[in-house]
Amino acid sequence: MTIDIQFDQDHVWHPYTSTLDPLPCYPVTRADGVELTLEDGRRLIDGMSSWWSAIHGYNHPELNQAAAAQLEQMSHVMFGGITHKPAVELCRKLVAMTPEPLEKVFLADSGSVSVEVALKMALQYWAAKGERRAKFLTLRHGYHGDTFAAMSVTDPDNSMHSLYKGFLPEHIFADSPEGGFFDPWNPDDFSDFRNKFMASHQQLAAVILEPIVQGAGGMRFYHPEFLRQVRQLCDQHGVLLICDEIATGFGRTGKLFACEHAGISPDILCLGKALTGGYMTLAATLTTKHVADTVCSGAAGCFMHGPTFMGNPLACAVANASLTLIGEGHWQNQVAQIETHLAELLPPLTELEKVKSVRWLGAIGVVETHEPVHVAEIQKVFVEQGVWIRPFGRLVYIMPPYIMDATQLRQVVRAMEVGLSD
Ligand code: PMP
């Protein structure tokens, strides 16, 4: 039976899409390796890894096997008062692979929820210390998710702040660094952050930011020195640092975690997306023993969060298989290769009239245009070129599965070139 596109148009709400004038949707019937297969049989090379998540490619035999084996045992069981091997093994792996003092793991349902969890941890930490600290300091161009607290620390201009004014708590936004990852460090890039931090640190529960790569808020890559200086200020004044590595975690930037570019570790770390290799939703918020124990020494006596599907065994089993693949280490070479190819393939695109600039880091490639692109039109061209890319605003960007080879990547960049040519 074919996919009922008309029903989809009439009744199914897609991400960031209007019911009055829905964007066209392409029916996909299967996905294997780096390819999506459309219902009409056309195959598209996927430049998006399903929004950063399918790092090992689709229909992966080891991930399939992990899901199937777990399905035979149990798909789900509540996590309150019960534990199971998939969760214990996953948390053991996460503690071992993340930077040092992080050792307590809270499993959450999605990236946005793991950010809510991180913010709640910071609030409860200060409450337990007898201080009411309700402000967060964050960066312009940041993005942390679509739930309410996550939205409140997401770029106020680029996002839904004006729409939800009065419903969102108001936090403090510092300018994000202008200089790029590969540019020489410009100390002025830290001035606004330092000033805002110094003016507010006694009210701050935490600083929250995306380390090195600001994703959905602008696809910007900044200098590691910025992150080092943030860590230093937080340490000097006892403010917690939350790093949102939901997009950057598990090798995407060329390091296992983007924090490693700066040699720092946060007090609270959010992970998601690639955690299950893109198979299903699962996220994790990790923290130190000090933060966790302080949270639990407060009046509540525990951390106040516990979703129904917390620690879902099926998701944990697939995540374990994905982290085993990461542990084998092929990602390092694969991401380095993709970075080398992007460095060769992207710069010529700056000759196109519509293109303002290009940038890349690890397995992330970005083309910024002068004017916002027409998503439906340009996507049609990409599909005709046998490629799947979903741009937003002035950003046409890719973060391919790590297994993408040079020929496939060339085809993806060629499609970008065709789509952006007149
Ligand atoms: N933080 C960052 C940095 C993200 O990129 C995203 C997802 N784009 C989120 C949080 C939210 O994750 P989710 O969509 O799984 O809720």
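Quick look at the structure, then. (Residues numbered from 1 in each chain as written. Predicted model: local features only at pLDDT ≥ 70, side-chain atom pairs only at ≥ 80, totals over all residues. Heavy atoms only, no water.)

## What about helix 8 (residues 224-237)?
No. 1: For helix 8, which comprises 14 residues, the first-to-last C-alpha distance of 20 Å matches the rise-based estimate of 20 Å (1.5 Å per residue) to within 8%.
No. 2: Considered for burial, the residues of helix 8 that qualify are Pro 224, Glu 225, Phe 226, Leu 227, Gln 229, Val 230, Arg 231, Leu 233 and Cys 234.
No. 3: Elements in contact with the buried residues of helix 8: strand 5 (135-139), helix 7 (191-200), strand 7 (204-209) and strand 10 (240-244). (Helix = DSSP H or I, 4+ residues; strand = E, 2+ residues; numbered from the N terminus. Expected span 1.5 Å × (residues − 1). Buried < 20%, exposed > 50% of the residue type's maximum accessible area, 1.4 Å probe, protein only. Contact = heavy atoms within 4.5 Å.)

## Quick word on the sheet that holds strand 16 (residues 395-398)
No. 1: Across the sheet, which stays open at both edges, the 3 strands sit in the order 13-14-16 with antiparallel pairing between neighbours. The outermost strands of the open sheet, each flanked by one partner alone, are strand 13 (355-361) and strand 16. Geometrically, the sheet is characterised by an average inter-axis angle of 10° between neighbouring strands, direction not taken into account.
No. 2: Across 6 bridges, strand 13 lies against strand 14 (residues 364-369) in antiparallel orientation. Bridging across to strand 14, Arg 359 finds its partner in Val 366. (Pairing = 2+ DSSP bridges. Axes fitted to C-alpha atoms, helices over the stretch in contact; angles between N-to-C directions.)

## Here we look at the packing of helix 4 (residues 85-97) against helix 10 (residues 313-328)
No. 1: For the pair helix 4 and helix 10, interaxial distance at closest approach is 8 Å and the crossing angle is 35°. The hand of the helix 4/helix 10 crossing is left-handed. Of the residues in helix 10, those in contact with Pro 86, Ala 87, Glu 89, Leu 90, Lys 93, Leu 94 and Met 97 of helix 4 are Pro 313, Cys 316, Ala 317, Ala 319, Asn 320, Leu 323, Thr 324 and Ile 326.
No. 2: Classifying every residue of the contact of helix 4 with helix 10 gives 11 nonpolar, 2 polar and 2 charged. (Left-handed = near helix turned anticlockwise from the far one by under 90°. Nonpolar A, V, L, I, M, F, W, Y, C, P; charged D, E, K, R; others polar.)

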